[in-house]
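Residues per chain, in single letters:
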Amino acid sequence: MKIFFLFTFSTFLLSAFEQATASAHYDKILTHSRIRARDQGPNVCALQQVMGTKKKYFSTCRNWYQGAICGKKATVLYECCPGYMKMDGTRGCPAVAPIDHVYGTLGIVGATSTQQYSDISKLREEIEGRGSFTFFAPSNEAWEQLNSEIHRNLVDNVNIELYNALHHHMVNKRMLTKDLKNGMTLVSMYNDQKLLINHYPNGVVTVNCARIIHGNQIATNGVVHVIDRVLTAVGNTIQDFIEVEDDLSSLRAAAITSDVLDILGRPGHYTLFAPTNEAFERLPRGVLERIMGDKVASEALVKFHILNTLQCSEAITGGAVYETLEGNTVEVGCDGESLTVNGVKMVKRKDIVTSNGVIHLIDEVLIPDSAKQVIELGGAQQTTFTDLVAQLGLASSLRPEGQYTLLAPLNGAFSDDTLRMDQRLLKTILQNHIIKVKVGLNELYNGQELETIGGKLLRVFVYRTAVCIENSCMVRGSKEGRNGFIHIFRQIINPAEKTLHEMLRNDKRFSVFLSLVKAADLDDVLSRPGEWTLFVPTNDAFKGLTDDDKDILIRDKNALRNILLYHLTQGVFIGSGFEPGVTNILKTIQGGKLYLKTVNDTLLVNELKSRESDLMATNGVIHVIDKLLYPADLPVGNDQLLTILKKLIKYIQIKFVRDSTFKEIPLTFYKINIIESNVQPIIRKEEPIIKTYTKIIDGRPVEVTEKKVTEERIIQGPEIKYTRITAGGSDNEEKLKKLLEEEAPVRRVQPTRRTQGGAARRRTRLAYS
């Protein structure tokens, strides 16, 4: 019994699966239309009709809820679903339409012109007789829209031309819409001519780009599908059409130059948006010559006009994105009767059907980013930057054969004061936004340095959700062109010029804080190379602090260091690099935690607003605050100190634990240990080996001349001394002690390397083996 149950259940599942697989998009959309019209009675379907036209659609959910097709308002109609009919005095469509032979069915579906032409061309006898046919029958409106000369020729020669034309609409077997698979090719009953079938996800089914507007009307000897246009014979490939069409001579030349034309002669299902000669003539002066003279660019340009899918105009009822053969995408949509590409009405003539695809003629050339020069990649939000680069003569320095990266600020980053600057200063600023090499977004890493054409080194900072260069962070929109990348930035990039200490010393707002830094012997920390984030209170934070109070603070150096080092954290953290609204926890040098987040482009530090953020220094960044920071969990054990801190800090309750003391913070987190050496090695050398090669250094291609010297050093003498910078305290000191206790190792000499241009680039480094 169990076996029988399992067998029955398995058979049910397989049957359900086969039905689901067999159901096509057209049938699914039709089912949705029945559901939408269920309140109108049985077997009623809801359609949308584009206002001002006779075009009706069984609509997708998207079009239905938008109440529009191709951007035009659509009204709702309720009609009998295919195969059903009304009965007087009853709701809906409860009756089944009578089944007749194909000829009679043409009258049932309203294709009376096709029925009439079948009669006068002597086709009637055939489609009334025995057989199994599929008839793609043009509607009455389709015959009216046919070119008058073609129409006249058909009617004037009914026994041959009209008869053959009607046979071209027929297939010698029954094919329901579920049998019409996307990409299928059927053989018509006229001269084995091909009929190209496309079955789209939105339910549209086309035959040589003619849309089935009423499908699956069953006949005793076949099935009738009403279509919206008269089919013409298809014989040529897209390549054949381009080669003979005079208005596509410029496209033909580009396709030949780039070796793409042959692709369009192969079997496939392509869509070509073909720019006319007039479209090429409208290109900016010199652009066409540059692209045509560059095979890579010309290939990219031609392939950017080709889709590897067949998109008939009647199947496009809304915008959709398609990948081109070039690799990037275009958006194909519609606006009423017009096709659009990337939102622009540019299609002059549509649906030129060939044996391997369809052609739409357009009056604008589509230029992909990969065929553009890097300066041409700027969009509408970067016009101020690109205009200034051109006006100040920097665009001419971006050679087509070069490699560059543009760091383009948004238009809003350029204030009126900036634009009124002396042009020499403004040119210097812009030079610092052009990198000498081509660097993509996925090639950037934290700590990387990029050299600008102005000679500045810009630092890269990578955070969880942001990539920043100096004080400015990227926004979406990076693009790659023929000779470089462009990255979009929120602000103008200001390369650092001074150390943290120099910045404090040159700004009177920080004089009190700086005096305390000096008293705590911390000014050396802020002067040396490193990567720090410093939260600096202005003098306003110390209002009410008397000279006596200051003396008390200075006398307790441990307390002073704990307070000051709570304002310092290791690493460079740009305010705009934080994810908005998310709290970021940073550990300070003092050991406590700072809680940072950005709200409405304002940096909050322990919920206190930063009055000015992202002041870049060569060894870190400063965020200005107007309150003194203090760790909430750090107790004070001295009455005098508690009184002083309460004067300065009113936003938190300071803990008091009598006789508690502040921990000592040694300066080993940045200390430089210098141990000199008096060792005199004995050196034996072999003949040098010289080789030249190209190497990527800091993201840049560098020609390296390396002189390899094999040498053996025998070190004599017990006294070995090193110069080493430690960062992190006792762990590093222990490592250093162990290193000093070990026997002296052999030391290898690092080669001197040459960069492009021949200048020596010396890297001094101690390597131990």
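This text goes with the structure placed above it.
Here is what the cut-offs are and how they apply
- Residues numbered from 1 in each chain as written.
- Predicted model: local features only at pLDDT ≥ 70, side-chain atom pairs only at ≥ 80, totals over all residues.
- Heavy atoms only, no water.
- Salt bridge = Lys/Arg side-chain N within 4 Å of Asp/Glu carboxyl O.
- Buried < 20%, exposed > 50% of the residue type's maximum accessible area, 1.4 Å probe, protein only.
- Helix = DSSP H or I, 4+ residues; strand = E, 2+ residues; numbered from the N terminus.
- Axes fitted to C-alpha atoms, helices over the stretch in contact; angles between N-to-C directions.
- Parallel < 35°, antiparallel > 145°, perpendicular 65-115°, else oblique.
- Left-handed = near helix turned anticlockwise from the far one by under 90°.
- Contact = heavy atoms within 4.5 Å.
- Nonpolar A, V, L, I, M, F, W, Y, C, P; charged D, E, K, R; others polar.
- Polar contact = N/O pair within 3.5 Å; in protein donor to acceptor, adjacent residues only side chain to side chain.
- Pairing = 2+ DSSP bridges.
- 1 Å grid on protein atoms, 1.4 Å probe; cavity = no way out; pocket = protein on both sides within 12 Å on 5 of 7 lines; lining within 4 Å.
- Points joined across faces, edges and corners; volume = space filled by probe spheres on them.

Caption draft 1: View of the pattern of salt bridges. Evaluated as defined, the whole model comprises 36 salt bridges. Taking the shortest distance from any N to any O, the salt bridge between Arg399 and Glu401 comes out at 3.2 Å. Given the relative accessible area of 58%, Glu401 is considered exposed. Between Arg561 and Asp521 there is a salt bridge, with its nearest N and O atoms 4.0 Å apart. Of this pair, Arg561 sits in helix α21 (residues 557-565) while Asp521 sits in the loop between α19 (511-519) and β29 (532-537); the two residues are 40 residues apart in sequence, bridging distant segments of the chain.

Caption draft 2: Local environment of the packing of helix α5 (residues 112-120) against helix α9 (residues 158-167). Relative to each other, α5 and α9 sit at 135°, their axes nearing to 9 Å. When the axis of α5 is compared with that of α9, the two are oblique. Crossing angle aside, the handedness with which α5 passes α9 is left-handed. Between α5 and α9, the residues in contact are Thr114, Tyr117, Ser118 and Ile120 and Val158, Asn159, Leu162 and Leu166, respectively. Classifying every residue of the contact of α5 with α9 gives 5 nonpolar, 3 polar and no charged.

Caption draft 3: Examining unusual backbone geometry more closely. Even without being glycine, Asn208 reaches a positive phi, approximately 50°. Here Asn208 lies in the loop between β11 (205-207) and β12 (210-219). Of the residues examined, Asn208 reaches a relative accessible area of 6% and is grouped as buried. Positive phi is not limited to glycine here, since Asp614 has a value of about 60°. Among the secondary structure elements, Asp614 is positioned in strand β34 (residues 608-617).

Caption draft 4: Representation of the environment of Asn471 in the model. Among the secondary structure elements, Asn471 is positioned in the loop between β26 (467-469) and β27 (472-481). Separated by 20 residues in sequence, Asn471 and Gln491 place their C-alpha atoms 7.8 Å apart. With near-sequence residues (within four places) excluded, Asn471 lies in contact with Gln491, Ile492, Ile493, Asn494, Ile574, Ser576, Asp614 and Met616. For Asn471, the side chain forms a polar contact with the main-chain oxygen of Ile492, separated by 3.1 Å. Polar contacts involving the side chain of Asn471 include one to the main-chain amide nitrogen of Asn494, which spans 2.7 Å.

Caption draft 5: Region of interest: the sheet that holds strand β1 (residues 44-50). Ordered in space as β2-β1-β4-β3, the 4 strands form an open sheet in which the pairing is antiparallel. Edge strands, defined here as strands with exactly one partner in the open sheet, are β2 (56-57) and β3 (68-69). Relative to strand β4 (residues 72-80), β3 runs antiparallel, the two sharing 2 bridges. Its bridge partner being in β4, Ile69 is matched across the sheet by Lys72. On the sheet, helix α2 (residues 25-36) packs against β1 and β4 and is oriented at approximately 100° with respect to β1.

Caption draft 6: Region of interest: α19. Buried within α19 are the following residues: Phe513, Leu514, Leu516, Val517 and Ala519. Each element contacted by the buried residues of α19 is listed here: α18 (500-505), β29, α20 (547-555) and α21. Residue Asp521 follows α19 closely and has a positive phi angle near 60°.

Caption draft 7: How the structure looks around empty space enclosed by the protein. Enumeration according to the criterion identifies 2 cavities of 30 Å³ or more in this entry. Lining the largest cavity, in full, are Phe513, Val517, Leu522, Val525, Leu526, Leu534, Leu564, Leu565 and Leu568. Elements with a minimum of two residues in the lining of the largest cavity: α19 and α21. For the lining of the largest cavity, the class distribution of residues is 9 nonpolar, no polar and no charged. As a volume, the second largest cavity reaches approximately 40 Å³. A per-element tally of the lining of the second largest cavity places α21 first, with 3 residues.

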